[in-house]
Amino acid sequence: MKSPTITYIALGSNQGNKLKNLQLATTYIYKKIGDVTAVSKIYTGPAVGFNGDAFFNACIEVSTRFSAKKVLRLLLEIEQLMGRQRKTKLGYENRLIDLDLLFYEEEIIQTKRITLPHPYLHTRNFVLQPLADIAGNVKHPVLQKTVKEFFESLPEQAQLESISAKLQTKTSTLEMYNYLAIEGNIGAGKTSLVSMIAQDFKAKLITERFKDNPFLPKFYKDQNRYAFPLEMSFLADRYQQLLDDISQYDLFNDCMVADYDVYKSLIFAKVTLQEEEYALYKKLFQIMYKDLAKPDLYVYLYQNTERLLENIQKRGRKYEQDIPADYLENINRGYLEFIKQQHHLKVKIIDISELDFVNQREDYLKVLQQISGLRD
């Protein structure tokens, strides 16, 4: 999972309700690109390079998981959503909204479609002045000067006046729990989701160590032979991991998010084991289960089988490629049966069959809202 990258974006408008345009653009950027973590003052100044109405200009700091190329594409989409139609001929024009990607951390990119840092940011007072408010110490990776140094080199008469109105920062929110467990079938995306939540909300991350299990590839080739050692191995590892991690954490003052709950051991075992094996396994499980803290919220990500198979194929783990659809359906039924029987756990089921919370930020925000119990 890609960690968030800090980017800086310039906003400008000289048509219509200029203040409203800037705030609407900021909201779209939050919904489609990432958290808006800092905003500059709003400055007003004359149009540059053409005859037009005065501009409102500002800069914002955005934390995003998307590539610079995708951020640029989304900025163009936002401009179109807001009604801007870019003309094909050269030259400047009036703008309902203008969005420019200035910095993408320290990346240097030069292609036909994108140049980073923005090639003119160090020469434009209407960019440098608001950018200096929030990124004065950021150094241009090519020119090796800070934004503040560029701004201070401008003549005094080039400085713009600020207005009293302010843009609002917009960051994602989550009703965080001390111990949040997010579960789902194979390929549902639970590890991706918990990694994003841990990064965004500074929670301790607990992910299942399935890659180290030597029985897993063998199990997918011969389930009858390797089911019992696989499930016993998983049970022992999950128990030890949760016991170690939770014992080192203050459940009353800190937050943890895990991509599994130990009860999944019983769900998978019921599907894979023979009746006598399962009876023995269940006895051992119940002894261990008593020792472990239970999550404050248990979230089950429901994904239809077709999408699960697509996701499994995309992530390319060789030993998973032959998982049959009926096995996934049995696992899903096992989870739903377990959820029906839970009276001591707070449980939420989120249908993500039509969502892509990794590549579509709006879908990620929808999932956060459902975890928090919020509605638009």
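Under an unreviewed UniProt entry, the protein chain has the name 2-amino-4-hydroxy-6-hydroxymethyldihydropteridine pyrophosphokinase and belongs to Haloflavibacter putidus. Its UniProt record gives the protein chain the following Sequence similarities (unreviewed entry) comment, quoted word for word: "Belongs to the HPPK family." Looking at the Function (unreviewed entry) heading of the UniProt record, one finds this comment for the protein chain: "Catalyzes the transfer of pyrophosphate from adenosine triphosphate (ATP) to 6-hydroxymethyl-7,8-dihydropterin, an enzymatic step in folate biosynthesis pathway."

Asker: Got a minute to help me understand the overall build of the protein chain in this structure?
Answerer: On a plain count of helices and strands, the protein chain comes out with 12 helices and 13 strands. Taken along the three principal axes of its C-alpha coordinates, the protein chain extends 85 × 45 × 40 Å. Looking at the 376 residues of the protein chain, the share that counts as buried comes to 49%. Put simply, of all contacts in the protein chain between residues at least 6 apart along the chain, 74% involve residues at least 24 apart. When the accessible surface of the protein chain is summed, it comes to about 19400 Å², and 47% of that surface belongs to carbon and sulfur atoms. Computed over 50 positive and 48 negative side-chain charges, the separation of the two mean positions in the protein chain equals 4 Å.

Asker: How should helix α7 (residues 223–247) be read in this particular structure?
Answerer: For an α-helix the count is 3.6 residues per turn, leaving residues at separations of three or four pointing the same way. Given a rise of 1.5 Å per residue, 25 residues ought to cover 36 Å, and the 34 Å separating the end C-alpha atoms of α7 matches this to within 8%. Buried residues of α7: Y226, A227, L230, E231, F234, L235, R238, Y239, Q241, L242, D245 and I246, and no others. At its buried positions, α7 is contacted by β9 (179–184), β10 (204–206), α6 (215–221), β11 (256–258), α8 (264–272) and α9 (275–289).

Asker: Would you mind going over the nonpolar core with me for this structure?
Answerer: Grouped burial of nonpolar side chains is what soluble globular proteins tend to show. I29, I182, I197 and I371 are the most contacted members of the largest nonpolar core, which totals 94 residues. Counting residues per element, this core draws most heavily on α7, which supplies 8 residues. Counting only domains with at least three residues in this core, you end up with domain 1 (5–163) and domain 2 (179–372). Once residues within four sequence positions are removed from consideration, I182 is found in contact with K190, L193, V194, I197, V257, A258, D259, Y260, V299, L301 and I371. Counting residues in each nonpolar core, the second largest holds 17 residues, with L102, L121, F151 and L154 among its members.

Conventions adopted
- Residues numbered from 1 in each chain as written.
- Predicted model: local features only at pLDDT ≥ 70, side-chain atom pairs only at ≥ 80, totals over all residues.
- Heavy atoms only, no water.
- UniProt positions renumbered as here; feature names shortened; annotations may be inferred.
- Helix = DSSP H or I, 4+ residues; strand = E, 2+ residues; numbered from the N terminus.
- Buried < 20%, exposed > 50% of the residue type's maximum accessible area, 1.4 Å probe, protein only.
- Contact = heavy atoms within 4.5 Å.
- Areas by Shrake-Rupley, 256 points an atom, 1.4 Å probe, with all protein chains shown as cover.
- Lys, Arg positive; Asp, Glu negative; His and termini not counted.
- Charge placed at Lys NZ, Arg CZ, Asp CG, Glu CD.
- Expected span 1.5 Å × (residues − 1).
- Core = buried A, V, L, I, M, F, W, Y, C linked by side-chain atoms within 4.5 Å.
- Domains from an automatic or database assignment.

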